[in-house]
Every structure is written in structure tokens, then in C-alpha cells.
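Now for the letters of each chain:
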Amino acid sequence: MISGYHYAANQSARSRADIHIRGSQFTLERDDGHSLRGEIRDLQISSRVGNTTRRISFPDGTLLETNDNHAIDQWISQTGQKNNLWLHKLESNLSLIIFSAIFVVVLTLAFLKWGIPSISHQVAHALPAELNIEIGEHSIDVLDSLLFTPSELPQAQQAAIREEIEEKLISHMSTDIPIKLHFRSMENSHKPIANAFALPSGDIFITDELVKRLDQPNELNSVVLHEIGHVEHRHGLQQIIRSSTITLLTVFIVGGDLSFGQDLIVAFPTFLTQQSYSRKAETEADNFSLSHMSDLGLNPDVFADALEKIIPEGKEDSSTKHSFLSTHPDTQKRIEAARGYKP
């Protein structure tokens, strides 16, 4: 016998009731004198989860709630309805619980290490060009208000650098995002910073101090090529996507609805001030620069020269805290790789 509370179909009032089992038949007897008989196979029994209340549903829509889990489990086993016990067996198995916990942790770590980077790569290359442009337009104003002051380089010098980069580099490359150069001044503790970085929109910023340090032919070109590599590989977008995975996954699924990208547009300038590219991203951008230097007939060694000039002997002080190399790992290894580069 199983005891519990009976609820009539579509009613909240309850009454005490018992179920009696005889062979393949059941009899429900209520305290009000009414009874219900039928085949056990017509009953629906909720799975056991701990010691929570179980529900037995009857063909006429009535319901019996009971806490007599042990009696129900015995009944299910005797009648061959063992499929209703699997959840309880799982939750009662300590070894399985430990294994499941470890599996979830490993799966989560694997997703963070490989899943999100893979997803961010796919999403970054699938986002529409309009979003890249909108990110750039918003970010320039924010960065000018937060990080930069106007460049003190003479307009003639800026024009000459733009002309050389356009003639030597951009005119010989097929980029799907237009490259635009911007000159700014940037300081930390009143010391000028040698820096260059790119927005996903193809806007590349070059500081006055970087121009001052890279005074030999093609050194600045090699750094600009490195930044173009970040644009081409969508590294900036991939980084912000990793911190906005849910929002950007929605963008990817709905097929480029820009309304879903507003959080990205607002968040990118703040993120950019704290950017830290992965080792893989830096290697890709370095190889992009070295490969194109070689293809354009320029000496790839000048990229190594540029790295050494930005942070002399690989040593970082307060003036280079936010420099081109401050967020770029393994500076010396990158210099060695550039020196040993072979097309």
C-alpha cells in the first residue's frame, strides 16, 4: 500500500488516499469513500530525486502525491518499470558524482582554453563590415578623450609617412578592410610612450614617440605591417568576443543583426586600453609583417631592429609601461624569431 494525498483533476482541494496493488491492477481508495481502479501500466510515476515528493498521475487526470519513496521504488522494481529509478541511482552513486564533477570541470576548462578561442575566431570573421566600421567610429572619439593628445608631428612629416606606407605597403596588398593611419601623442607619468595599435576598423594609431625612435628606413613600416596583421586576423575582435561570448554568439546565430553588437561597440574602447594579445596572435601578426616585408623586397631584419629600439635590450621601465611591447609576450624570443626568419 502507498499512502498520500489525492487531487481531483483541475482542483486544488486534496484528500487522504491509498493505492493498493494486486498483480497488474491498482485500486485507489480515498477517505471520502470514492475509489478508482485500473491497469498499473496506465499510471505515470515521476522519477525519484532525493527524497522529494513523488507524483502518480492517473488516466482521468487525478493525481496522488506521496513521500513514500521506498514503497514506490519497490513497486516499480516488482512491476518491471525500472526506467523510473535511473535518476535516483545516478544521484546516489558517489563515484559517479565525483566523476561527473571532475568531467564538468575538465569540460569547462577545455571550453575556455579551446572552445571560446575557436568560437571567437569564427564569429570575428563572420561579423559584417558595417560593425567593424561602427566600432572604429565610436572608439576613436573615446580613445582621444581617454588616452591621446593631438600629435605634435609636423603635418608635412605625417603626410610623408602616410604617402610612404601607402606606396610601399598598402598599394601592394589586398586588404578587405581599409587601412587608415592616425598620429597621436601618448604619455605615462609625463613620459612619452612608443606605441602602435589597430582597431578592427583598420584605423591604426602611431604615437609621436614611436616615430621618433624608429628613425631608420622601413622600421616603422614593419611595425605598421604588424598592426595590419592584427586587423587582417581580426585579433582585436576576437579578444573582445572572448569577454562578451554570450552577446556575440547571439550576433553570430541571428546572422549579423547589428542591434546585438551594441554592447561590443561600447565595450571595445575600454577593453583596448587593457588589451593583451595571446602568444598565438602575436606570432601571427609578426609572421604577417615578416612575410609581407619579404614579399615586398624589404629586409625582414628591420622588424627586429624596431623591436629592440622600442624597448632597448628588452628592458621595460615606467616610460614603456604602455608601450608597443608591454602587452606583447616574450620580446626577446620575438626578436630572435625575426632575425632568423626565412621566407
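Overview of the structure.

Cut-offs used in this document
- Residues numbered from 1 in each chain as written.
- Predicted model: local features only at pLDDT ≥ 70, side-chain atom pairs only at ≥ 80, totals over all residues.
- Heavy atoms only, no water.
- Axes fitted to C-alpha atoms, helices over the stretch in contact; angles between N-to-C directions.
- Helix = DSSP H or I, 4+ residues; strand = E, 2+ residues; numbered from the N terminus.
- Parallel < 35°, antiparallel > 145°, perpendicular 65-115°, else oblique.
- Left-handed = near helix turned anticlockwise from the far one by under 90°.
- Contact = heavy atoms within 4.5 Å.
- Nonpolar A, V, L, I, M, F, W, Y, C, P; charged D, E, K, R; others polar.
- Expected span 1.5 Å × (residues − 1).
- Buried < 20%, exposed > 50% of the residue type's maximum accessible area, 1.4 Å probe, protein only.
- Pairing = 2+ DSSP bridges.
- 1 Å grid on protein atoms, 1.4 Å probe; cavity = no way out; pocket = protein on both sides within 12 Å on 5 of 7 lines; lining within 4 Å.
- Points joined across faces, edges and corners; volume = space filled by probe spheres on them.
- Polar contact = N/O pair within 3.5 Å; in protein donor to acceptor, adjacent residues only side chain to side chain.

## Quick word on the packing of helix α12 (residues 301-310) against helix α13 (residues 331-339)
Then, number 1: Where α12 meets α13, the axes come as close as 7 Å, and the angle between the chain directions of the two elements is 160 degrees. Judged by the inter-axis angle, α12 sits roughly antiparallel to α13. Handedness of the α12/α13 crossing: left-handed. Residues D301, F303, A304, D305, L307 and E308 of α12 pack against R334, I335, A338 and R339 of α13.
Then, number 2: Residues belonging to the contact of α12 with α13 are distributed by class as follows: 5 nonpolar, no polar and 5 charged.

## What to know about helix α11 (residues 279-295)
Then, number 1: Taking 1.5 Å of rise per residue, the 17 residues of α11 would be expected to cover 24 Å, and the 24 Å separating its terminal C-alpha atoms lies within 8% of that figure.
Then, number 2: Within the span of α11, buried status applies to A281, E282, A285, D286, F288, S289, L290 and M293.
Then, number 3: In this fold, the buried residues of α11 make contact with α7 (219-232), α8 (235-242), α12 and α13.
Then, number 4: One or two positions beyond α11, positive phi appears at G297, with a value near 80 degrees.

## Observations regarding the sheet that holds strand β13 (residues 203-207)
Then, number 1: Strand order across the open sheet formed by 4 strands is β8-β9-β13-β12, with mixed pairing between neighbours. On the outer flanks of this sheet lie β8 (149-150) and β12 (196-198), each paired with one strand and no other.

## Quick look at empty space enclosed by the protein
The gaps of empty space that remain are located by a probe, the size of a water molecule, rolled over the atoms.
Then, number 1: All told, the structure shown has 1 cavity of 30 Å³ or more when counted by the stated rule.
Then, number 2: Together, 10 residues line the largest cavity, and A198, L199, P200, H230 and G236 are the ones closest to its centre.
Then, number 3: Elements supplying a minimum of two residues to the lining of the largest cavity: α7 and α8.
Then, number 4: The element that contributes the greatest number of residues to the lining of the largest cavity is α8, accounting for 3 residues.
Then, number 5: Taken together, the residues of the lining of the largest cavity sort by class into 6 nonpolar, 3 polar and 1 charged.

## Digging into the sheet that holds strand β3 (residues 25-30)
Then, number 1: Sheet architecture is open: 7 strands sit in the order β4-β3-β2-β1-β7-β6-β5, paired in antiparallel fashion. Edge strands, defined here as strands with exactly one partner in the open sheet, are β4 (35-39) and β5 (44-45).
Then, number 2: Sheet topology places strand β6 (residues 54-57) next to strand β7 (residues 63-66); 4 bridges connect them, and they run antiparallel. Within β7, the residue paired with R55 across the bridge is E65.

## Quick word on the environment of S46
Then, number 1: Looking at where S46 falls in the secondary structure, it is placed in the loop between β5 and β6.
Then, number 2: The class of S46 is partly exposed, set by a relative accessible area of 25%.
Then, number 3: Residues in contact with S46, not counting those within four places in the same chain, are R54 and R55.
Then, number 4: Looking at S46, its side chain comes within polar contact range of the main-chain nitrogen of R55, at 2.9 Å.

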